[in-house]
Amino acid sequence: MKEKISFLKNKIDLTSPNKNIVPITTNIDSAEKLNIGGCSIEDLVKKYDSPLYILDEITLRNSCKAYKKALEKYYPGLSLPIYASKANSSLFMSNLVASEGFGLDAVSEGELLTALKGGVPNEKIVFHGNNKSDKEIAFAIKNKIKVIVDNDYDLRRLEEISDSLGNDLEIMIRFTPGIECHTHEYIKTGSFDSKFGFGIESLNKLFQLLNKTRHLKLIGLHAHIGSQIFELDPHKDLGEIMVNVILQARDFGHNIKELNVGGGLGIKYTQEDDPPSIDEWIKTVSLSIVKACKKNKLSLPLLMCEPGRSIVSTAGVTIYKIGAFKEIPGIRTYLSVDGGMSDNPRPITYQSNYSACLVNNPLNNNSKKKYTIAGKHCESGDVLFKDLELGNCKTGDLICVFGTGAYNNSMSSNYNRIPKPAAILVFDGEAEIIQRRESPHDLLKYDVLPDRFIKQS
Ligand code: LLP
């Protein structure tokens, strides 16, 4: 049988990190051990313990720069890339994307606050959500943040609250363009049957209604068709559909100046994945809008896009320590690690696949064996990998899982009262903490024992 080449031998694409499995700075040192960002992973775990989230600054910045560069190339002078902070929200991420000239997409007061405190200018933030609370809406209005309206109820609340505060509010309309794409059912959002956005058939009525509002100023349109998408055609179609909706809005007297095409570009989690590059994605989106505008003699709107996963996923890895082994003769060998579904709920939620290697033997240089990597949670489905090929390993060895920068930390939980891992940033041989490790005591912080119950010391 032809031997599978380790993904660690793939040629690294410096300009489109989403096409790599590993962070750009991944290296195997002279002792054949794994390094990222010039740091020895073994040393990092000695210092920061495990499980450990690691982000590679160079990979992050290269992803941001790839979006900026492609936008300048295909849509010069008229674009704003916006980081979808649901992928990984922190003061650090807000600060980093702001320093690269990005705006930020937030869906809660928590994400809004993190963006503002992290240094993202308010005028570059957009506020999403299909069920925003009054408090969240007031927070957005007071901070002069643009709001993406999702449904009739949302519109009524926005109108009432902006009227009561007496503040004007710039809004964009989110609609479902009716585009099908091939991705997991749970992360498809552009088809007609979606909980997000106005149905395209209801837009005329909406445009009429918006002419009667006092403080809401319609300036843009938004659509997001899904996530982890490898095809380009759905985004080509989206550009055309959005330009048609600009024309439709014009018939009702609305001047749409901004188009936000959402995010969705996929990344390479495994050798089988082959996503388009950032350049190809931006080219597709830009050219379809430029072409449709030309055809309809429309001046170009500001183009916004909202990448999340393709900014942060490949920059991130998670390190686990191996504990228990359980061999079931003739069936499989389970190997348990010190984390699992609480720090990475994606395998149990979406049956997602990842790539991984041993930190002290990344190329599997001794005999290869298949292991099923189990998390430590009280749930049979808490399995991170089925039949993963690794070199010989033992209790105490470290495993590095790649591509965990997006939707891991941000979707993590404290199931089984497991504290969240620390997160560190690596750059040029230095490591800095960006999220402190929780302790079991931290998890008690919000528990309250009513006075009539007896407290144990
Ligand atoms: N804009 C909007 C309105 C979105 O809803 C999303 C993702 C994005 C942008 C960013 O999409 P991205 O570039 O990351 O594909 N938890 C799932 C992914 C859910 C995506 C939700 N919306 C996962 O772990 O795969």
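Residues numbered from 1 in each chain as written. Predicted model: local features only at pLDDT ≥ 70, side-chain atom pairs only at ≥ 80, totals over all residues. Heavy atoms only, no water.

Describing the overall build of the chain
Then, in step 1: A tally of regular secondary structure across the chain gives 11 helices and 21 strands.
Then, in step 2: In terms of overall dimensions, the chain is globule-like: its C-alpha atoms have a radius of gyration of 23 Å, near the 23 Å expected for 457 residues.
Then, in step 3: A principal-axis box enclosing the C-alpha atoms of the chain has dimensions of 70 × 65 × 40 Å.
Then, in step 4: Looking at the 457 residues of the chain, the share that counts as buried comes to 55%.
Then, in step 5: Split by element, the accessible area of the chain, about 20900 Å² in all, is 51% carbon and sulfur.
Then, in step 6: Positive and negative side-chain charges of the chain, numbering 57 and 56 respectively, have mean locations separated by a distance of 1 Å. (Helix = DSSP H or I, 4+ residues; strand = E, 2+ residues; numbered from the N terminus. Rg over C-alpha atoms; globule rule 2.2 N^0.38 Å. Buried < 20%, exposed > 50% of the residue type's maximum accessible area, 1.4 Å probe, protein only. Areas by Shrake-Rupley, 256 points an atom, 1.4 Å probe, with all protein chains shown as cover. Lys, Arg positive; Asp, Glu negative; His and termini not counted. Charge placed at Lys NZ, Arg CZ, Asp CG, Glu CD.)

Concerning the domain arrangement of the chain
Then, in step 1: Its domain assignment divides the chain into domain 1 (6–56 + 313–443) and domain 2 (58–310).
Then, in step 2: Each of domain 1 and domain 2 was reduced to a C-alpha centroid, and the two centroids are 32 Å apart.
Then, in step 3: Between domain 1 and domain 2, the contact holds 34 residues from the first and 30 residues from the second.
Then, in step 4: Together, the buried faces of domain 1 and domain 2 total about 2700 Å²; carbon and sulfur atoms form 57% of this surface.
Then, in step 5: Ranking the residues of domain 1 by area buried against domain 2 places Asn18, Lys19 and Tyr407 at the top, with a combined share of 23%.
Then, in step 6: On inspection of domain 1 and its partner domain 2, the count reaches 1 salt bridge.
Then, in step 7: The salt bridge involving Lys19 is made with Asp274; its shortest N-O contact spans 3.4 Å.
Then, in step 8: Viewed at the interface, domain 2 and domain 1 are joined by 18 residue pairs in polar contact (both at pLDDT 80 or more).
Then, in step 9: Residue composition of the side of domain 1 that touches domain 2, by class: 15 nonpolar, 16 polar and 3 charged. (Domains from an automatic or database assignment. Contact = heavy atoms within 4.5 Å. Buried area = accessible area lost by both parts, 1.4 Å probe. Salt bridge = Lys/Arg side-chain N within 4 Å of Asp/Glu carboxyl O. Polar contact = N/O pair within 3.5 Å; in protein donor to acceptor, adjacent residues only side chain to side chain. Nonpolar A, V, L, I, M, F, W, Y, C, P; charged D, E, K, R; others polar.)

Topic: the packing of helix 7 (residues 203–210) against helix 8 (residues 233–250)
Then, in step 1: With their axes 10 Å apart at the nearest point, helix 7 and helix 8 run at an angle of 45° to one another. By the angle between their axes, helix 7 is oblique relative to helix 8. Where helix 7 crosses over helix 8, the handedness of that crossing is right-handed. Between helix 7 and helix 8, the residues in contact are Leu203, Asn204 and Phe207 and Val245, Gln248 and Ala249, respectively.
Then, in step 2: A per-class count over the contact of helix 7 with helix 8 returns 4 nonpolar, 2 polar and no charged. (Axes fitted to C-alpha atoms, helices over the stretch in contact; angles between N-to-C directions. Parallel < 35°, antiparallel > 145°, perpendicular 65-115°, else oblique. Left-handed = near helix turned anticlockwise from the far one by under 90°.)

As for the site of the ligand
Then, in step 1: If you check the shell around the ligand, you find 20 residues, and the closest are Ser227, Glu306, Arg346, Tyr350 and Tyr407.
Then, in step 2: With respect to the ligand, the backbone of Gly264 contributes an N or O atom lying 3.0 Å from an oxygen atom.
Then, in step 3: Within the backbone of Arg309, a nitrogen or oxygen atom sits 2.8 Å from an oxygen atom of the ligand.
Then, in step 4: Protein contact buries 92% of the 580 Å² of open area that the ligand shows by itself.
Then, in step 5: Its residues assigned to classes, the shell around the ligand comprises 6 nonpolar, 8 polar and 6 charged.
Then, in step 6: Lining the shell around the ligand are residues from two domains, each supplying at least three of them: domain 1 (6–56 + 313–443) and domain 2 (58–310). (Near = heavy atom within 4 Å.)

Things to note about the pattern of salt bridges
Oppositely charged side chains can form a pair if their charged atoms are brought close together.
Then, in step 1: One pass over the structure, following the stated rule, counts 17 salt bridges.
Then, in step 2: For Glu100, the salt bridge goes to Arg61, with nearest N and O atoms at 2.7 Å. One end of the pair, Glu100, is in the loop between helix 3 (91–99) and strand 6 (103–106); the other, Arg61, is in helix 2 (residues 57–74), and 39 residues separate them in sequence.
Then, in step 3: The class of Glu100 is buried, set by a relative accessible area of 9%.
Then, in step 4: Taking the relative accessible area as the measure of exposure, Arg61 reaches 24% and is therefore partly exposed.
Then, in step 5: Residues Lys86 and Asp105 are paired through a salt bridge, measuring 3.2 Å at the closest nitrogen-oxygen approach.

Concerning the packing of aromatic side chains
Then, in step 1: If you walk through the whole model with that rule in mind, you get 5 aromatic pairs.
Then, in step 2: With 5.2 Å between their ring centres and 75° between their planes, Tyr269 and Tyr354 make a pair best called edge-to-face. Separated by 85 residues along the polypeptide, Tyr269 in the loop between strand 12 (258–260) and helix 9 (278–295) and Tyr354 in the loop between helix 11 (346–350) and strand 16 (356–358) bring together distant segments of the chain.
Then, in step 3: By relative accessible area, Tyr269 is classed as buried at 5%. (Phe/Tyr/Trp six-rings, centres within 6.5 Å; stacked < 30°, edge-to-face > 60°.)

Digging into helix 9
Then, in step 1: Its 18 residues give helix 9 an end-to-end C-alpha distance of 26 Å, which sits within 8% of 26 Å, the value for a rise of 1.5 Å per residue.
Then, in step 2: When we look at burial in helix 9, the residues that qualify are Ile278, Trp281, Ile282, Thr284, Val285, Ser286, Ser288, Ile289, Ala292 and Cys293.
Then, in step 3: Buried residues in helix 9 make contact with helix 2, helix 8, strand 12, strand 13 (302–305) and helix 10 (309–312). (Expected span 1.5 Å × (residues − 1).)

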